[in-house]
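Next come the chains, spelled out residue by residue.
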Amino acid sequence: MAFSASDLPAIYSLLANSMSQDETIRKPAEAALSQSESRPGFCSCLMEVITAKDLASQVDVRLMASVYFKNSINRYWRNRRDSSGISSEEKVHLRQKLLSHLREEKYQIAQMLAVLISKIARFDYPREWAELFSFLAQQLQSADVLTSHRIFMILFRTLKELSTKRLTADQRNFAEISSHLFEYCWHLWQSDVQTILHGFSTITQSYNSNAVEQHHDDLHLTCERWLLCLKIICQLVISGFQSDAKCVQEVRPVKEVSPVLLNAVQSFLPYYTSFQNGHPKFWDFIKRACTKLMKVLVAIQQRHPYSFGDKCVLQPVLNFCLNKITDPEPDILSFEQFLIKCMVMVKSVLECKEYKPSLTGRVMEENGVTLEQMKKNLSNAVAGVLTSLLPNERIILLCNVLIRRYFVLTASDLEEWYENPEAFHHEQDMVQWTEKLRPCAEALYIVLFENHSQLLAPIVVSVLQEAMNGCPTSVTEITPGLLLKEAAYGAAAYVYYELSNYLSFKDWFNGALSLELSNDHPIMRIIHRKVALILGQWVSEIKNDTKRAVYCALIRLLQDKDLSVRLAACRSLCLHVEDANFSEQDFSDLLPVCWGSCFNLVKEVQEFDSKVQVLNLISVLLGHVNEVIPYANNLMQFFQMVWEESSGESLLQIQLLIALRNFVVALGYQSPSCYSMLLPILQKGIDINSPDEINLLEDSMLLWEATLSHAPAMVPQLLAYFPCLVEILERNFDQLQVAVNITEAYIILGGREFLSMHASSVAKLLDLIVGNVNDRGLLATFPVIDILIQCFPMDVPPLISSTLQKLLVICLSGGDDGDPSKTAVKASSAAILARILVMNTNYLAQLTAEPSLSSLLQQTGANIEENILLCLVDVWLDKVDNVSSPQKKIFGLALSIILTLRLPQVLDKLDQILSVCTSVILGGTDDLTEEESSGDNMSSSRSHGEGSLPSKELRRRQIKFSDPINQLSLENSVRDNLQTCAALHGDPSFNSAIGRMHPSAFAQLKQALKMP
């Protein structure tokens, strides 16, 4: 039943109640609104609430109405099969109503209305709402400042939404919008710049004038409109034109817009100081405006690098940025966000691949000029501009300024470090480089160094020498020399890959870095943290004769009093342990102290990131050192503690599960010693009803696999977990490969006890997989079915009859169209059925006679006119060259058994059957070299040797070795069954069939069977 105007009070009441703090009121209201979403007229009622004049002051209710409206657009605007959606008539009404309410005074409501229009435009423009932009443009002509601001808000949101549509037609539509809107927006933006600058000039000249103050609100609204207009221009230039990096065509607005944007920055910047104390509202605007202008310039450069590379654009912009970085006005130094954007611009230009020599192929244009040549010409032109802008002297100056000014810790940095070392570490270590000035300067420095390493390497080394000479290792107070040394150490750490040619790490470590650690004064944490960073960054340059000393230094730093130093050491130690040249021999006696330091560090840190970092080190250590068993009890207590304290922190629990997996692998056959701690954690991780299931399942299954792979024997708790695997796969096949590995491990480890307890679950699991996964999934699963039949040839086939019928359908329905994966699937299915024929002959005959199989084959369109076993013979004959050597023997044995059938068609195929059997006998088999593991081998990461208690891998090999197929003689089977065949069909018919064999084939048969 549709809503009408009479339902408005009820809808309003529900919206108001949905915000109640009282759950007994809120929950029923939310449920009622949720049920109403799909009813016709619901959005119209919401629209009336949003636009009602008598509700203008009820911002919260109106906002809630707009949220429900937005959700309804996402769910019901586009017609869906399970819902009638919103009718075309109601859509027309809603679009008209939205456009009739442009002058919304409440900013939050206006913002939501803009979002609503943009969401609808994504679905309806241009087909159902072609007049949207022309209507908005028309309204702009006569709009006051407030209305125009709201229209620009709508335009910005809508353009942003449409710009994300990637289809060619949608991009063509956007380009058309750009061509219509650009000129108007650009002229209005330029006009507003002049209005704003004039207003700012008036304010600064008439600071105390009441007459000026009353115009401030209008001016501020103009400022906000100008910002929106700037964002729109950015959208039009960025998304309205194809990137010139692809089309190599000049984007005209880039050359028109960019110099004017730069001029606006230069005009606004002086007011940063003027408004800092007296006009907070306009000071905030100046900060946002200058930052946004630079951000737009960066975006244009990255989207249209060739057009931006023109001398009239790149030269003034880059020159301005370089000057602001190297020689800023004193007040601008505090304007960090602006300086960051200047650095981002310089970095973007320096690393722009379009400004470097082109490595593309020769793509010819119609006029004969290659795209490669066009790009090369443009790149050369830009290179000339950059060379003139960045002579060696300026590059060296920029490098020096970055190190000596921007790398140096400030008083506020030191205060922050003193108050919270842990938070300081993460802010310096993990913050996005575009968010803070120092990380941004570091990122620019690295790119600058990469581009000019030969020029700058000696400079950096000289700064480093100067800093070390100017600050002795015995320093006991914070001095400019100490702070410069810290900055220089950072500079040397970030570019180790080039500096190693100019600086001997061994000499540096022995002559300075190791001596720094001998000074335990509290202020030395400033240097100790950077030493820890250097030891991690330079890991690839540390030779064997220095490794031991470096390991000792890192362990010492891991015990430092300052948390920031210890966390830095933790990360660097991780890099060393993961290094390909890690020396366990030099590290082994440090392990006790290392474990203890890690355990203590986890107890002391408070932040989530810190715990993850320490847990990662423990996990890495477990994966790379052999001597784990002596510390197993302490590690178990530690893991138990972390698990209990990490409730609700799934990312930390994931890291713990990874560490536990490495722990189990490291313990190997002694892993049951940790089951009291491990199994309850594992059980929770594989429970699909657990609240954290979506986050923990993948790593929990890998832990489950590792636990089974390294278990010396099955235990009741592990045996009881198997049904969880069926529940997991019933949900989806995301973890299929690991699930297959786990199933194989249960078969190998649990044996008959496992099968007797979980026979129905095994059947359900295989039936769930086969027929519902792709070829890759089937190929992963087939080895498990094969080993199951091999271990239990009499019990399993009847148990998994449904799965086997599906394999028969795969073999007998259609061809494989030359697709290698389909060929492999058909061949592997045929090999499993051949094994059943050899090991349980009567059952396969019974299975092929099942009426349900005939029905299944008919459903799949397979046209089977002869005996199903004879059809299988054709598959075995056809696919014998697509299987492994042991499987060829199985095919041969199966074909030899076919010779004993009392069917005249057997004689028709006799020469083919004997030809295949002959080639298999003469070709020989290499049973034990075929390692057909169903998945990745957990034991491959750490071998415990075959002399220890059996692991999954060792047991799997033993099962392969004891395969009854290995004990059967194909030669004897063919010889005996040929005699049976002759007796069944009579000598005349048999001899006639043998006579049809090619003489050379018959000679080979006699050789294979050792017949005279």
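Everything quoted here is computed from the prediction, not taken from an experiment.

K.L.:
I'm lost on the overall build of the protein in this one. Help?
P.N.:
Scanning the protein for helices and strands turns up 55 helices and 0 strands. By its C-alpha atoms, the protein is 125 × 80 × 75 Å across when sized along the principal axes. In the protein, the proportion of contacts linking residues at least 24 apart, taken out of those at least 6 apart, comes to 77%. Of the accessible surface of the protein, which amounts to about 44100 Å², a share of 49% is contributed by carbon and sulfur atoms. A gap of 3 Å separates the mean positions of the 88 positive and 112 negative side-chain charges of the protein.

K.L.:
Just checking my understanding: could you explain the confidence of the model for the protein for this structure?
P.N.:
It should be kept in mind that the predicted coordinates are not to be read in detail where pLDDT is low. Across the protein, the average pLDDT comes to 88, with 94% of residues at or above 70. Segment residues 360-366 is flagged for pLDDT under 50; beyond a separation of four residues in sequence, or across chains, it makes 10 contacts in the model. Confidence drops under pLDDT 50 across residues 926-950; counting only partners more than four residues distant or on other chains, this segment forms 61 contacts.

K.L.:
Help me out: how do you make sense of the packing of helix 40 (residues 736-769) against helix 43 (residues 801-812) in this one?
P.N.:
When two helices pack together, their arrangement is given by the angle between their axes and by how far apart the axes lie. For the pair helix 40 and helix 43, interaxial distance at closest approach is 8 Å and the crossing angle is 25°. By the angle between their axes, helix 40 is roughly parallel relative to helix 43. Of the two possible hands of crossing, helix 40 and helix 43 adopt the one that is left-handed. Taken together, the residues of helix 43 that come into contact with helix 40 (itself represented by Ala763, Leu766 and Asp767) are Ser802, Thr803 and Lys806. Grouping the constituent residues of the contact of helix 40 with helix 43 by class yields 2 nonpolar, 2 polar and 2 charged.

K.L.:
Please clarify how the nonpolar core should be interpreted in this entry.
P.N.:
The nonpolar side chains of a soluble globular protein tend to be buried with one another. One finds Phe200, Phe268, Trp508, Phe639 and Phe663 to be the most contacted residues of the largest nonpolar core, which totals 364 residues. Broken down by element, the residue count for this core peaks at 17 residues, all from helix 40. Not counting chain neighbours up to four residues away, the residues in contact with Phe663 comprise Leu622, Val628, Ala632, Leu635, Met636, Phe639, Cys674 and Met677.

K.L.:
Looking at this model, I keep getting lost on unusual backbone geometry. Mind explaining?
P.N.:
It is generally the case that most residues other than glycine have a negative phi and that most peptide bonds are trans. Each neighbour pair has its own omega, and for Tyr125 with Pro126 the value is 0°, a cis peptide bond. Of note, Pro126 is situated in the loop between helix 6 (107-124) and helix 7 (132-141). For Val248, which is not glycine, the phi torsion reads 50° and is therefore positive. Along the chain, the position of Val248 falls in the loop between helix 12 (244-247) and helix 13 (252-268). Among the residues examined, Val248 registers a relative accessible area of 9% and is labelled buried.

K.L.:
Looking at this model, I keep getting lost on helix 35 (residues 650-667). Mind explaining?
P.N.:
The periodicity of an α-helix, 3.6 residues per turn, causes residues three or four places apart in sequence to face the same way. With 18 residues, helix 35 ought to run about 26 Å at 1.5 Å a step, and its terminal C-alpha atoms sit 25 Å apart, in line with that. The element helix 35 is extensively covered by neighbouring structure, given that 14 of its 18 residues are classed as buried. Looking one or two places after helix 35, you find Gly668, whose phi comes out positive at around 60°.

K.L.:
How should the pattern of salt bridges be read in this particular structure?
P.N.:
Where charged atoms from two side chains of opposite charge come close, those side chains can pair. Counted by the stated rule, this structure contains 44 salt bridges. The shortest N-O distance in the salt bridge between Lys485 and Glu516 comes to 2.8 Å. Of the two residues, Lys485 is situated in helix 25 (residues 480-494) and Glu516 in helix 27 (residues 505-516); the sequence distance between them amounts to 31 residues. Both residues of the pair, Lys485 and Glu516, belong to the buried class.

K.L.:
Even after reading the chapter, I still don't get helix 13, so can you show me in this structure?
P.N.:
An ideal rise of 1.5 Å per residue puts 24 Å on 17 residues; helix 13 measures up with 25 Å between its terminal C-alpha atoms. Taken residue by residue, helix 13 has Pro253, Val254, Val257, Ser258, Leu261, Leu262, Ala264, Val265 and Phe268 as its buried positions.

K.L.:
Would you explain the packing of helix 27 against helix 28 (residues 525-537) in this entry?
P.N.:
One way to put it is that helix 27 packs onto helix 28 with a least axis distance of 10 Å and a crossing angle of 150°. Classified by the angle their axes make, helix 27 and helix 28 are roughly antiparallel. As helix 27 packs across helix 28, the resulting crossing turns out to be left-handed. Each of Phe505, Trp508, Phe509, Leu513 and Glu516 in helix 27 lies in contact with helix 28, whose residues at this interface are Ile527, His528, Val531, Ile534 and Leu535. Counted by class, the contact of helix 27 with helix 28 contains 8 nonpolar, 1 polar and 1 charged residues.

K.L.:
Explain the environment of Asn741 to me, please; I cannot follow it from the model alone.
P.N.:
Examined against the element boundaries, Asn741 turns out to sit in helix 40. Looking at Asn741, the relative accessible area reads 2%, which means it is buried. Engagement of the side chain of Asn741 in a polar contact is seen with the side chain of Glu705, the distance being 2.9 Å.

K.L.:
Looking at this structure, I do not really get the state of the cysteines. What am I missing?
P.N.:
What we call a disulfide is simply a covalent bond connecting the sulfur atoms of a pair of cysteines. What the rule picks out here adds up to 0 disulfides. There is no disulfide at Cys290, and the cysteine sulfur nearest it, in Cys342, is 9.4 Å away.

K.L.:
Help me understand the environment of Gln537, please; the structure alone is not making it clear to me.
P.N.:
Checked against the element boundaries, Gln537 lands in helix 28. The partly exposed category is assigned to Gln537, whose relative accessible area is 23%. Along the chain, Gln537 and Leu575 lie 38 residues apart, while their C-alpha atoms are 8.1 Å from each other. Residues contacting Gln537, with those up to four places away along its chain left out, are Ala493 and Tyr496.

K.L.:
What am I meant to see in the side chain of Asp699 here?
P.N.:
Locating Asp699 in the fold gives a position in helix 37 (residues 693-709). Arg661 provides the closest opposite charge to the buried, unpaired Asp699, separated from it by 6.4 Å. In this view, Asp699 contacts Ile654, Leu657 and Ile658; residues no more than four positions away in its chain are not counted.

K.L.:
In this structure, what is going on with the packing of aromatic side chains? I would like to understand it.
P.N.:
Here the distance between the centres and the angle between the planes together describe a pair of aromatic rings. Summed over the entire model, instances satisfying the criterion amount to 40 aromatic pairs. Ring geometry for Tyr496 against Tyr497: centres 5.4 Å apart, planes inclined by 80°, an arrangement best described as edge-to-face. The class of Tyr497 is partly exposed, set by a relative accessible area of 32%. Among the aromatic residues, those joined into a ring-pair cluster are Phe182, Trp186, Trp189, Phe200, Trp226, Phe268, Tyr271, Phe275, Phe282 and Phe285.

Cut-offs and rules
Residues numbered from 1 in each chain as written. Predicted model: local features only at pLDDT ≥ 70, side-chain atom pairs only at ≥ 80, totals over all residues. Heavy atoms only, no water. Helix = DSSP H or I, 4+ residues; strand = E, 2+ residues; numbered from the N terminus. Contact = heavy atoms within 4.5 Å. Areas by Shrake-Rupley, 256 points an atom, 1.4 Å probe, with all protein chains shown as cover. Lys, Arg positive; Asp, Glu negative; His and termini not counted. Charge placed at Lys NZ, Arg CZ, Asp CG, Glu CD. pLDDT = per-residue confidence, 0-100. Axes fitted to C-alpha atoms, helices over the stretch in contact; angles between N-to-C directions. Parallel < 35°, antiparallel > 145°, perpendicular 65-115°, else oblique. Left-handed = near helix turned anticlockwise from the far one by under 90°. Nonpolar A, V, L, I, M, F, W, Y, C, P; charged D, E, K, R; others polar. Core = buried A, V, L, I, M, F, W, Y, C linked by side-chain atoms within 4.5 Å. Buried < 20%, exposed > 50% of the residue type's maximum accessible area, 1.4 Å probe, protein only. Expected span 1.5 Å × (residues − 1). Salt bridge = Lys/Arg side-chain N within 4 Å of Asp/Glu carboxyl O. Polar contact = N/O pair within 3.5 Å; in protein donor to acceptor, adjacent residues only side chain to side chain. Disulfide = S-S within 2.5 Å. Phe/Tyr/Trp six-rings, centres within 6.5 Å; stacked < 30°, edge-to-face > 60°.

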